[in-house]
Amino acid sequence: MPNSKDAFFYELSLANRIVSNEGIIDSFGHVSMRDPDDPNRYFLSRSRAPALIEPGDIIEYTLDSDPVRPPSASQYSERVIHGEIYKARPDVMAVCHHHSPAFMPLVTTGIDYVPVFHLGATGGAKPPFWDQRDEFGDTNMLVVKPEEGASLARALGNHWMVLMWRHGVTVAGRNVRDTVFRSIYSARNADYQMQARAAGTIQPLTPGEIELCAKIATSTTGLERTWEHWVSRLAHSNQLPPYGASRKAAPAKRSAAKKSPKKTVKQTVKKTAKRKRR
Ligand code: MN
C-alpha cells in the first residue's frame, strides 16, 4: 500500500486509468483521494481525461476545493463534489464521479438501483437520488458551486453512492481501491439490472444478502485481487502511468525515462503489472 506522496499520486493515477479502462468514465469523470496524512486535504488531477492522468497532474486541495498552491493548469469545474463529500463524511477516503452509460437509464427515469447479483451489493440497498433542480432551478447541470456540492453530499448521507438526475453518479469509499471496486461493480450491476428488466422479472438480493455480500466483496482480499487484475489489464495495453515523474519530465526524453525508478513501479503494482518499456 502507498506510504508517500509519490505513491499516493501513483495510486490515484492508476485509479483514474482503471475506471476509464473498465468503461466507467471517458473524457469526463474523475477519482480523488483524501490525503491519508492530512484529513483536511485531498488530491485530484488537473482537468484532463482520466485515461491520461499521471502523478505530475495531481493537485492538492483544501476541503473548500481551493488549490493549496496556485496551479499552473486548468482544474476540474466539478471538484466541489469531492471537497464537500470529504467535509461531510470523515470516513470517506476516496470519491469517484462518473457518467457511466450503464447508469443513464436509471438517472434519466428515476428507476431505483437494485442489487441483482452479489457484487452489485457494493452500491447499497437503495442509493438515494439527487436532483440539482430541486434547490437550484435551471443550471448548466454541472456541480460547480460549493452549495451545490454540499447539497449533493447531504443527499449521499451515509450511503456509498448517490444517483444524480440526468447527469451521473457519485461513489464514495473507505480507500481508493474500495471506491474503484464500488464504481465498477455498481455500474456492472446497473447494466445487468436493465437487461434483466427487459428479459423477465428481477429477483433481487434480500437486505440481509446485500449486507453480507457488501462486507465480503470489499474485504482486503477482494480489493487486492481485483486491483491486481485491473492494473495488469492496464499494463498489458501499455497504459501504466509513469511513476513519480513531473509533468515536464513525463513526455520524456530518453535521459528522463532512464531516471524513472522501475523498481518502485514493480513494488507497487507487482510482477504481473510490469510496465513494458517500449
Ligand atoms: Mn459530472
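The preceding data block contains the structure.
Residues numbered from 1 in each chain as written. Predicted model: local features only at pLDDT ≥ 70, side-chain atom pairs only at ≥ 80, totals over all residues. Heavy atoms only, no water.

*Asks:* Provide a residue-level description of helix α2 (residues 80-88), including the pertinent values.
*Replies:* The buried fraction of α2 amounts to seven of the nine residues, a majority that puts the element mostly inside the structure. Of all the residues in α2, the buried ones are V80, I81, H82, G83, E84, I85 and Y86. In this structure, the buried side of α2 is in contact with β1 (30-34), β2 (41-45), β4 (94-98), α5 (146-156), β6 (161-164) and β7 (168-173). (Buried < 20%, exposed > 50% of the residue type's maximum accessible area, 1.4 Å probe, protein only. Helix = DSSP H or I, 4+ residues; strand = E, 2+ residues; numbered from the N terminus. Contact = heavy atoms within 4.5 Å.)

*Asks:* Residues and numbers for the coordination of the manganese ion, please.
*Replies:* Of the protein atoms, only E78 (OE), H97 (NE2), H99 (NE2) and H167 (NE2) coordinate the manganese ion, at distances of 2.1 to 2.2 Å. Written as a sequence motif, the donor arrangement for the manganese ion is E-x18-H-x1-H-x67-H. In this pair, E78 is assigned in the loop between β3 (58-62) and α2 and H99 in the loop between β4 and α3 (104-107), connecting sequence segments 21 residues apart. For H99, a relative accessible area of 27% puts it in the partly exposed group. (Donors = N, O, S within 2.8 Å, 3.2 Å for Na, K, Ca; no water.)

*Asks:* Residue-level account of the pattern of salt bridges, with values.
*Replies:* Per the stated rule, a full pass over the model turns up 16 salt bridges. The shortest N-O distance in the salt bridge between R41 and E60 comes to 3.8 Å. Taken together, the residues span a long stretch of sequence, with R41 in strand β2 and E60 in strand β3 at a distance of 19 residues. What makes R41 partly exposed here is its relative accessible area of 23%. With relative accessibility at 11%, the residue E60 sits in the buried group. Look at the salt bridges and you will find they share partners, linking K5, R41, E60 and R69 into a network. (Salt bridge = Lys/Arg side-chain N within 4 Å of Asp/Glu carboxyl O.)

*Asks:* I'd love a proper account of the packing of aromatic side chains, names of residues and values included.
*Replies:* Applying the stated criterion to the full structure yields eleven aromatic pairs. Relative to W165, the ring of F129 lies with its centre 5.6 Å away and its plane at 45 degrees, an arrangement referred to as tilted. On the criterion of sequence distance, the pair formed by F129 in strand β5 (residues 129-130) and W165 in the loop between β6 and β7 is long-range, its members being 36 residues apart. For F129, a relative accessible area of 22% translates into the label partly exposed. Members of the aromatic cluster, joined through ring pairs, are F8, F9 and F43. Its guanidinium or amino end placed over the ring of W160, R182 lies 4.5 Å from that ring's centre, counting from NZ or CZ. We note R188 situated over the ring of Y185; from NZ or CZ to the ring centre the distance is 5.7 Å. (Phe/Tyr/Trp six-rings, centres within 6.5 Å; stacked < 30°, edge-to-face > 60°. Lys NZ or Arg CZ within 6 Å of the ring centre and 35° of its normal.)

*Asks:* Run through the side chain of N189, naming residues and quoting values.
*Replies:* Summarising the element assignment, N189 is placed in helix α6 (residues 176-199). Accessibility expressed as a relative area gives 0% for N189, which makes it buried. Within the structure, N189 has its side chain in polar contact with the backbone oxygen of V114 (distance 2.8 Å). Ignoring sequence-local partners within four residues, the contact set of N189 consists of Y113, V114, P115, V116, F117 and G120. (Polar contact = N/O pair within 3.5 Å; in protein donor to acceptor, adjacent residues only side chain to side chain.)

*Asks:* If you had to explain the sheet that holds β7 to someone new, which residues and values would you point to?
*Replies:* Strand order in the open sheet formed by seven strands is β3-β2-β1-β4-β7-β6-β5, and the pairing between neighbours is mixed. Lying at the two open borders of the sheet, with one neighbouring strand each, are β3 and β5. The sheet contact formed by β5 and β6 spans two bridges and is parallel. Looking at β6, one finds that F129 is bridged to L163. (Pairing = 2+ DSSP bridges.)

*Asks:* Could you give me a rundown of the nonpolar core, with the residues and numbers involved?
*Replies:* Core analysis: the largest hydrophobic core is formed by 67 residues, its most contacted members being I18, F103, V180 and W227. A per-element tally of this core places helix α1 (residues 5-21) first, with nine residues. Once residues lying within four places of it in the same chain are set aside, the contact partners of W227 are E11, L14, A15, I18, V176, R177 and V180. (Core = buried A, V, L, I, M, F, W, Y, C linked by side-chain atoms within 4.5 Å.)

*Asks:* Describe unusual backbone geometry, with residues and values.
*Replies:* Although it is not a glycine, S65 adopts a positive phi angle of roughly 65 degrees. The topology assignment puts S65 in the loop between β3 and α2. Looking at S65, the relative accessible area reads 3%, which means it is buried. A positive phi angle, near 55 degrees, is found at N238, a position not held by glycine. As for its position among the elements, N238 is in the loop between α8 (220-236) and α9 (254-259).

Function cannot be inferred from these measures alone, as they are strictly geometric.
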